[in-house]
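Okay, here's what each chain looks like letter by letter:
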Number of protein chains: 4
Amino acid sequence: MQTAIFDKMESEVRTYSRSFPVVFTAAREARLTDEQGHEYIDFLAGAGTLNYGHNHPALKQALLEYLAGDGIVHGLDMWTRAKRDYLETLEYTILKPRNLEYKVHLPGPTGANAVEAAIRLARLATGRHNIVSFTNGFHGVTMGALACTGNRKFREATGGIPLQGTSFMPFDGYLGDGSDTLGYFAKLLSDASSGLDLPAAVIVETVQGEGGINVASVAWLQQLERLCRQHGILLIVDDIQAGCGRTGKFFSFEHAAITPDIVTNSKSLSGLGLPFSQVLMRPELDQWKPGQYNGTFRGFGLAMVTATAALRTFWRDNTLEQEVQRKGERVAEHMQRMAAWLNGQGIAASERGRGLMRGLDVGDGALAGRITSEAFRQGLVIETSGHAGQVVKCLCPLTISDDDLLAGLEILEVSIKKSVALHSVA
Amino acid sequence: MQTAIFDKMESEVRTYSRSFPVVFTAAREARLTDEQGHEYIDFLAGAGTLNYGHNHPALKQALLEYLAGDGIVHGLDMWTRAKRDYLETLEYTILKPRNLEYKVHLPGPTGANAVEAAIRLARLATGRHNIVSFTNGFHGVTMGALACTGNRKFREATGGIPLQGTSFMPFDGYLGDGSDTLGYFAKLLSDASSGLDLPAAVIVETVQGEGGINVASVAWLQQLERLCRQHGILLIVDDIQAGCGRTGKFFSFEHAAITPDIVTNSKSLSGLGLPFSQVLMRPELDQWKPGQYNGTFRGFGLAMVTATAALRTFWRDNTLEQEVQRKGERVAEHMQRMAAWLNGQGIAASERGRGLMRGLDVGDGALAGRITSEAFRQGLVIETSGHAGQVVKCLCPLTISDDDLLAGLEILEVSIKKSVALHSVA
Amino acid sequence: MQTAIFDKMESEVRTYSRSFPVVFTAAREARLTDEQGHEYIDFLAGAGTLNYGHNHPALKQALLEYLAGDGIVHGLDMWTRAKRDYLETLEYTILKPRNLEYKVHLPGPTGANAVEAAIRLARLATGRHNIVSFTNGFHGVTMGALACTGNRKFREATGGIPLQGTSFMPFDGYLGDGSDTLGYFAKLLSDASSGLDLPAAVIVETVQGEGGINVASVAWLQQLERLCRQHGILLIVDDIQAGCGRTGKFFSFEHAAITPDIVTNSKSLSGLGLPFSQVLMRPELDQWKPGQYNGTFRGFGLAMVTATAALRTFWRDNTLEQEVQRKGERVAEHMQRMAAWLNGQGIAASERGRGLMRGLDVGDGALAGRITSEAFRQGLVIETSGHAGQVVKCLCPLTISDDDLLAGLEILEVSIKKSVALHSVA
Amino acid sequence: MQTAIFDKMESEVRTYSRSFPVVFTAAREARLTDEQGHEYIDFLAGAGTLNYGHNHPALKQALLEYLAGDGIVHGLDMWTRAKRDYLETLEYTILKPRNLEYKVHLPGPTGANAVEAAIRLARLATGRHNIVSFTNGFHGVTMGALACTGNRKFREATGGIPLQGTSFMPFDGYLGDGSDTLGYFAKLLSDASSGLDLPAAVIVETVQGEGGINVASVAWLQQLERLCRQHGILLIVDDIQAGCGRTGKFFSFEHAAITPDIVTNSKSLSGLGLPFSQVLMRPELDQWKPGQYNGTFRGFGLAMVTATAALRTFWRDNTLEQEVQRKGERVAEHMQRMAAWLNGQGIAASERGRGLMRGLDVGDGALAGRITSEAFRQGLVIETSGHAGQVVKCLCPLTISDDDLLAGLEILEVSIKKSVALHSVA
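Residues numbered from 1 in each chain as written. Chains lettered and ligands numbered in written order. Predicted model: local features only at pLDDT ≥ 70, side-chain atom pairs only at ≥ 80, totals over all residues. Heavy atoms only, no water.

Let me state the cut-off plainly: UniProt positions are given in the numbering used here, feature names are shortened, and annotations may be inferred rather than shown by experiment.
By the naming in an unreviewed UniProt entry, chain A goes by Diaminobutyrate--2-oxoglutarate transaminase and is assigned to Halomonas binhaiensis. Looking at the Sequence similarities (unreviewed entry) heading of the UniProt record, one finds this comment for chain A: "Belongs to the class-III pyridoxal-phosphate-dependent aminotransferase family."

Here you go:
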């Protein structure tokens with residue numbers, strides 16, 4: 001394994017290659033292969049970007065056909081057949097069946113692009129500047145998006161520019177079971193001296209990914225929607241990680257039967273891992289003037305092609321939804337068993353999640369890190385999240401085979417037991 | 001041509017489809033084809049993203065081989081063979097031969113990502129917050145990048161968050177020929193009551209693309225470098241549009257024989273139009289802590305593969321540089337002739353540019369718009385830039401055939417004559 | 001009463017003259033006289049600026065003697081005998097007896113000056129930028145101070161500059177009796193992804209004046225101090241309104257036996273109503289470089305003279321403290337009786353306060369406004385506070401005679417009864 | 001001279017007591033007396049606050065009478081007889097005779113209060129956020145005012161909060177004689193990509209005091225007014241230091257016959273050195289809602305009384321104006337002679353100013369500091385200004401006797417000669 005060029009050239013900012021210090025060469029479905037020929041089951045899946053696994057043949061086929069026909073790879077925001085196909089497929093496969101009426105903005109290839117466009121639109125549409133975000137929320141690291149992101153590691157890396165234009169509220173369950181976090185938010189809203197500037201919008205993940213697989217309850221989401229309506233605040237659901245089927249529905253907010261004013265998607269939107277993002281907005285909010293938000297890669301044709309193929313392959317019926325449901329329960333059961341075992345060892349642990357976005361909270365970042373390191377040695381790529389890295393999270397492909405899923409869970413279980421033994425010694 | 005879905009679904013933010021209201025379906029080299037089978041010569045080339053033309057066979061071949069082997073499409077910042085190949089090729093094909101010693105940060109797929117990472121690094125490395133940008137500069141529209149961008153259309157679309165942390169200085173020639181714009185900057189720097197907070201960095205385009213093909217002279221760039229060294233200010237060259245050979249050298253700053261502390265690349269970096277960007281930095285500036293700047297698509301393998309192929313195909317010798325030089329002169333001559341003709345019509349016009357980044361300033365955005373509209377009717381995709389859209393710009397592929405280049409220039413000439421006739425009537 | 005010149009010349013920003021539409025001509029002790037010769041008992045006392053009443057003879061005498069000797073009226077930050085006397089008196093009368101060791105910064109004549117200097121010092125001393133303020137806090141309206149102030153009326157009047165560098169936490173009791181507001185703050189501090197940037201300082205009023213006479217309990221203040229120590233956060237007590245004896249101690253924080261790192265005083269500091277303010281700071285925090293914070297009126301000699309006289313007249317023994325205690329209890333009893341009566345009328349009302357900083361919360365700004373208007377008609381100047389103006393507050397001079405205090409309370413009682421009668425009708 | 005208490009208690013922020021390390025005890029007209037009985041001629045005059053000298057008998061008399069009658073010392077923004085007298089006197093003595101129609105806002109006692117109120121009003125009235133200030137401008141140090149102030153010493157003392165909402169333009173003459181600084185501003189305004197956000201207002205001192213006695217020419221001021229009108233930008237003249245007769249007219253802008261939209265006054269407004277400030281605004285700009293800008297000391301009756309007396313004593317005819325003119329010329333002649341002598345010594349020096357706001361630029365802060373130190377030893381209080389402290393400035397009382405003026409100038413001359421001798425040695 002030759003890594004000298006990485007040592008010489010690559011910025012210290014690199015992070016995953018520290019957890020997984022091998023050179024990967026190929027990948028298929030839920031498996032990664034490194035240069036030595038070792039295979040790894042992938043429970044990270046591009047941090048939620050590869051919901052349909054690596055190199056899914058149907059998506060790849062669509063891409064190859066498009067390339068064969070010299071399709072438009074890069075088209076700015078010109079009209080292309082690829083974009084038309086994508087919009088039509090989105091409309092008829094996803095939006096119409098869900099009774100959603102949205103206009104679409106393709107602001108550029110990253111989730112942060114979508115978040116920046118969404119909050120800017122909310123400000124333009126309301127004439128207010130404040131955006132409410134939630135504890136442990138993660139919405140990207142460009143300056144506009146970063147202001148909505150709770151993590152100090154990123155926030156302190158702005159180089160001395162204080163982030164502005166956002167206020168943080170406690171997420172569902174943040175103050176313990178039964179705490180009324182929205183009651184606090186409601187009080188601040190109704191008190192004109194609370195210090196909370198009346199927000200343009202609330203931006204929320206229904207399940208916080210980077211924040212530690214924190215699940216907002218259906219009741220909380222519905223109450224949040226009501227509170228927004230009551231105060232004329234726009235509701236933005238950032239569905240970049242939880243969307244595209246991850247929780248068992250195409251949009252994660254379908255579980256709560258709410259209708260956000262604005263939705264952001266990215267990560268698994270292109271299906272094959274190509275950079276792509278979108279903003280969906282209620283038509284009357286589309287206050288943009290031509291060209292007011294731009295970006296060189298907002299017309300990446302290849303991503304539109306694979307995104308279209310993904311919608312057609314997986315979202316014409318509810319097979320995938322049922323699969324996610326079934327596999328999610330399976331992961332939950334296993335993790336609950338692991339949590340119970342940990343509790344038996346005197347380690348407070350618990351399982352949580354929705355669909356195939358699941359986490360095992362082991363209460364301690366050091367232990368969680370030991371578990372994922374051990375798992376990697378045993379052939380499982382899996383990562384932690386949460387404010388202290390204390391949550392081992394499962395973001396396996398939704399299309400993972402039962403065998404791989406089970407094999408991965410078994411590696412996880414073994415790794416936990418081994419890590420706890422070592423942990424106790426340490 | 002079916003466009004109903006665009007009318008229904010697409011945000012009003014769309015802009016190029018207003019200038020070129022057809023549905024494009026395919027593209028090869030310097031030509032675009034629409035749904036009706038019409039062909040267009042492309043003098044826009046993805047706003048500088050397609051320096052090697054559409055679907056260049058060598059780059060596409062590399063991509064197809066990678067896909068055939070189930071290469072890693074999306075790898076976060078893990079180590080992959082594709083990334084190793086890219087770094088090695090960059091080092092041995094580009095940096096070493098130019099005696100440049102840089103570390104590399106791949107911050108995500110967009111130029112704005114690179115700009116945000118670059119200015120943040122400059123702030124972290126210096127402990128200062130101010131960034132100096134220049135009149136008519138364009139560096140992207142995410143909040144951090146937008147603060148460096150001069151254009152009010154974008155700046156006013158933040159929804160009420162004033163942009164902060166930047167100061168604007170006049171670009172070379174901004175105050176007329178012979179004006180000493182750096183003398184003004186130098187005076188503000190040396191005057192502790194000037195209101196200019198001592199900058200962390202200067203960010204500059206050596207040739208401003210969106211700003212109107214404004215060319216900084218070699219002397220000005222050298223003086224700027226000296227001024228930065230003198231005051232301990234980092235020099236960032238934003239080579240997103242002018243880099244990758246556009247001006248006749250791989251890096252646009254090679255013309256001035258200066259060595260920036262930090263360089264940003266994107267647009268044509270992947271060669272085939274795939275989203276990709278990088279930050280190059282002097283090794284001692286690499287103050288990043290692991291993971292302090294992240295982004296889901298910072299490990300887009302396909303772009304690394306085509307970027308590697310592009311370096312290998314075009315940058316192993318100086319053939320392309322000479323081609324750009326030769327074709328650039330050709331465009332310049334034609335445009336100078338057009339300018340002379342316009343002057344003869346009483347319209348102040350002039351040509352400017354470096355390499356194949358060239359503009360014809362017709363002094364009037366309405367006239368320029370008329371010219372590009374007429375050109376499109378005649379089969380040429382070409383756009384305007386500049387603060388009033390007064391500059392017709394040529395950003396044709398560097399690899400364009402002489403026939404297509406000539407044909408495009410002839411359409412431009414005819415369009416100018418026709419537009420002036422109509423313009424006079426109006 | 002001639003008011004034409006006011007109508008013509010005075011900005012619409014005026015406010016107290018709307019509540020008290022007469023022209024005042026003279027004042028003595030707790031009484032104001034208007035142009036028609038009507039006398040008013042003053043329960044407003046310059047919003048807490050006239051703790052020793054109007055034109056107290058001892059303070060006035062000191063002023064007259066100083067003027068007679070052509071003392072320095074305006075001395076910038078030069079050394080003057082008046083400043084020396086003030087510093088010595090402060091040290092030996094106030095600080096030493098309380099075992100407080102502070103350095104003194106006289107930053108200018110207003111409370112906002114003191115707050116701006118205090119928070120800036122905290123930022124300089126810690127290298128952090130965030131300041132935590134509390135719901136319903138009021139700390140002034142210059143841009144730096146306003147960022148710490150909760151009231152939307154002021155916050156929205158910046159003309160589109162979002163306030164930055166502060167985060168708001170819930171004040172003691174904000175979420176109802178028994179709620180653990182500091183537990184929430186503690187959780188945000190210990191969670192690195194909470195969105196709360198680690199603060200340089202907390203700024204707090206021990207009794208919030210403008211916010212509605214909200215009293216922080218001794219236990220809460222002590223816990224706040226511990227929390228600050230634990231996280232290396234500086235504790236600033238803004239004692240501008242609650243200090244100078246208002247709560248029954250010279251410093252309001254003496255009740256809790258805590259030691260702030262920084263203290264701000266103003267309002268009653270000069271004793272006679274002259275503009276004056278100070279920042280007290282632990283000596284090791286004095287990071288100022290010469291002249292880094294300035295202001296034309298930071299050496300207002302007349303205020304130093306009356307401030308010295310006030311300390312000498314009232315703070316050489318504990319007589320005044322006992323008086324405040326005694327009168328405060330008297331006001332409390334009366335207000336509790338009024339609250340009970342209101343409760344009997346079906347109006348939820350309650351009394352609160354500390355020393356002679358007391359409020360009667362009638363739950364409704366319209367009713368409170370009716371009460372104070374009626375009181376004015378009957379000869380009592382009294383105002384409301386609180387986020388909805390729902391609290392009738394008593395800030396009478398600490399030196400008020402028992403007769404005037406009783407007379408004022410009786411007017412208040414009658415006004416309440418009359419207002420409720422009218423209120424019920426309305 | 002006892003200064004131990006200063007050493008122990010006073011913040012390091014102190015500055016003038018470093019230049020003048022004596023304890024002052026009394027002052028009359030243009031003379032200060034220290035504790036040892038030494039007299040000093042005062043060419044600093046409270047940094048422009050004591051235009052009528054120390055303890056002027058007419059002003060003091062008015063103050064004593066008011067105190068004798070137990071006038072309202074502190075009245076918030078209630079109506080008082082003192083305020084009515086002030087407004088009427090201002091209207092009939094100052095505004096009417098000059099054909100000025102302004103409404104008045106008394107925002108609090110400091111100049112920074114007036115500046116904060118003025119720029120906020122401009123933002124509210126225009127809906128724009130940017131304020132243009134000028135190189136070497138000084139407008140106060142509260143966060144809002146500081147953003148308009150050029151001096152890095154203050155700007156860097158915010159503790160890491162970048163100042164926002166302002167852009168700096170070059171002042172008249174900043175780029176050398178004959179440079180067209182407003183041409184630069186005009187170009188930025190008319191170029192929509194210049195990076196200059198369209199301003200709400202321009203704030204300007206007609207003669208910059210702290211910035212180095214930089215005098216804007218009449219032509220420049222008139223052109224600035226035209227430029228503002230043309231672009232719908234409000235013109236704010238900050239007349240805090242240059243107003244109240246300092247330049248030979250009550251308002252400094254009278255020399256240019258321009259009519260600002262908003263004017264700020266403070267410093268010498270109260271006449272006797274009492275804290276006082278005002279904002280004058282065209283009536284239609286008075287967009288304030290009741291109470292949107294407040295401050296405890298906005299109704300300081302004593303200052304209104306002395307301000308009224310000052311207007312009545314000095315501004316009922318043009319005697320003072322003529323005196324300032326005459327004495328100003330005298331100072332100018334002397335300083336020109338000194339400059340000529342310095343030039344003869346090989347030291348580039350020059351004189352500049354308007355009325356009795358005059359400076360001798362000796363090109364070097366160290367030399368200027370040496371001169372003022374020597375002057376102090378010889379009995380003259382005089383200070384430097386300018387970005388490098390290179391300008392010895394004369395701000396003597398406008399009412400100074402010819403003998404004191406001459407004596408002061410002679411000390412200055414001797415000090416220069418002595419300092420140059422020492423300077424040459426060093």
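**A word on the packing of aromatic side chains**
Each aromatic ring pair is summarised here by two numbers: the centre-to-centre distance and the angle between the ring planes. As a reminder of what qualifies: Aromatic rings from Phe, Tyr and Trp, with only the six-membered ring used for Trp, were paired whenever their centres fell within 6.5 Å, and each pair was classed as stacked if the ring planes differed by under 30 degrees, edge-to-face if by over 60, and tilted otherwise. Per the convention used, a helix needs a DSSP run of H or I reaching at least four residues, while a strand needs a run of E reaching at least two, with both numbered from the N terminus. Each residue gets one of three labels from its accessible area relative to the maximum for its type: buried under 20%, exposed over 50%, partly exposed in between, using a 1.4 Å probe on protein chains only.
In the structure shown here, the tally under the stated rule is 64 aromatic pairs over all chains. Taken together, a centroid distance of 5.1 Å and an interplanar angle of 55° make the contact between F171 of chain A and W220 of chain A tilted. Of the two residues, F171 of chain A is situated in the loop between β7 (166-169) and α9 (181-190) and W220 of chain A in helix α10 (residues 218-231); the sequence distance between them amounts to 49 residues. There is no split in this pair, since F171 of chain A and W220 of chain A are both buried. The interplanar angle of 65° and the centroid separation of 5.6 Å between the aromatic rings of F138 of chain C and F154 of chain C together place this pair among those described as edge-to-face. Placement of F138 of chain C in the loop between β6 (130-134) and α7 (143-146) and of F154 of chain C in helix α8 (residues 152-155) is noted, with a sequence separation of 16 residues between them. Each member of the pair, F138 of chain C as well as F154 of chain C, carries the same accessibility label: buried. Three or more aromatic residues joined by ring pairs form one cluster here, namely Y16, F20, F24, Y40 and F376 of chain A.

**Quick notes on helix α5 (residues 81-95) of chain A**
Residues and elements named next belong to chain A. Rule in force here: Expected span of a helix, by definition, is 1.5 Å for each gap between consecutive residues, and there is one gap fewer than residues.
Taking 1.5 Å as the rise per residue, α5 with 15 residues should run 21 Å; its terminal C-alpha atoms sit 20 Å apart, in good agreement. With 11 of 15 residues buried, α5 lies mostly within the body of the structure. Buried residues of α5: A82, K83, R84, Y86, L87, T89, L90, E91, T93, I94 and L95, and no others.

**Points about the sheet that holds strand β3 (residues 39-42) of chain C**
Stated formally: Two strands qualify as a pair provided DSSP detects at least 2 bridges between them.
The five strands lie next to each other as β16(C)-β3(C)-β2(C)-β1(C)-β4(D), forming an open sheet whose pairing is mixed. What marks the edges here is a single partner per strand, and that holds for β16 (380-381) of chain C together with β4 (79-80) of chain D. The pairing of strand β1 (residues 23-28) of chain C with strand β2 (residues 31-34) of chain C spans four bridges and is classified as antiparallel. Bridge assignment links F24 of chain C to a residue of β2 of chain C, and that residue is D34 of chain C.

**Observations concerning the environment of L280 of chain A**
All names here are of chain A. Note the cut-off: Here, two residues are considered to be in contact whenever any of their heavy atoms come within 4.5 Å of each other.
Tracing the chain through its elements places L280 in strand β13 (residues 278-281). Note on L280: relative accessible area 0%, which makes it buried. Distance in space between the C-alpha atoms of L280 and F138 is 19 Å, their sequence separation being 142 residues. Once residues lying within four places of it in the same chain are set aside, the contact partners of L280 are L90, L95, Y102, K103, V104, F251, D261, I262, V263 and N265.

**Some points on helix α9 (residues 181-190) of chain D**
Note: α-helices contain 3.6 residues per turn, so residues at a spacing of three or four share the same orientation. Counted only if it meets this: Summarising the geometry, the arc corresponds to the directions from the helix axis toward the C-beta atoms.
Here α9 of chain D has its buried residues at T181, L182, Y184, F185, L188 and L189 of chain D. Taken around the axis of α9 of chain D, the buried residues stretch over an arc of 155°, which confines them to a single face.

**Section: the relation of the copies chain D and chain B**
As a reminder of what qualifies: Copy-to-copy superposition: least squares on the C-alpha atoms, limited to residues that have pLDDT of at least 70 in both copies.
Overlaying chain D with chain B gives an RMSD of 0.0 Å, the required rotation being 180° about an axis along which the chain moves by 0.0 Å. One copy is carried onto the other by what is essentially a two-fold rotation axis. Closest to the rotation axis within chain D is the C-alpha of Q164 of chain D, separated from it by 3.0 Å. When the interface residues of chain D are mapped onto chain B, 100% of them are again interface residues, pointing to one common binding face.

**Observations concerning the pattern of salt bridges**
Residue and element names in this part refer to chain A. The following threshold applies: Salt bridges are counted wherever a side-chain nitrogen of Lys or Arg sits within 4 Å of a carboxyl oxygen of Asp or Glu.
Here the structure, examined in full by the defined rule, presents 118 salt bridges over all chains. D261 is the partner of R282 in a salt bridge, and the nearest nitrogen-oxygen pair spans 2.6 Å. Within this pair, whereas R282 is found in the loop between β13 and α11 (301-314), its partner D261 is found in the loop between β11 (234-238) and β12 (262-265), the two being separated by 21 residues in sequence. Here D261 falls in the buried class, since its relative accessible area comes to 2%. A salt bridge links R377 to E374, with the shortest nitrogen-to-oxygen separation between them at 2.9 Å. With a gap of three residues between them, R377 and E374 both fall in helix α13 (residues 365-377), about one helical turn apart. Residue classification places R377 among the exposed positions, given a relative accessible area of 61%. Given a relative accessible area of 4%, E374 falls into the buried group. When salt bridges that share partners are traced, they join E225, R229, D261, R282 and E284 into one network.

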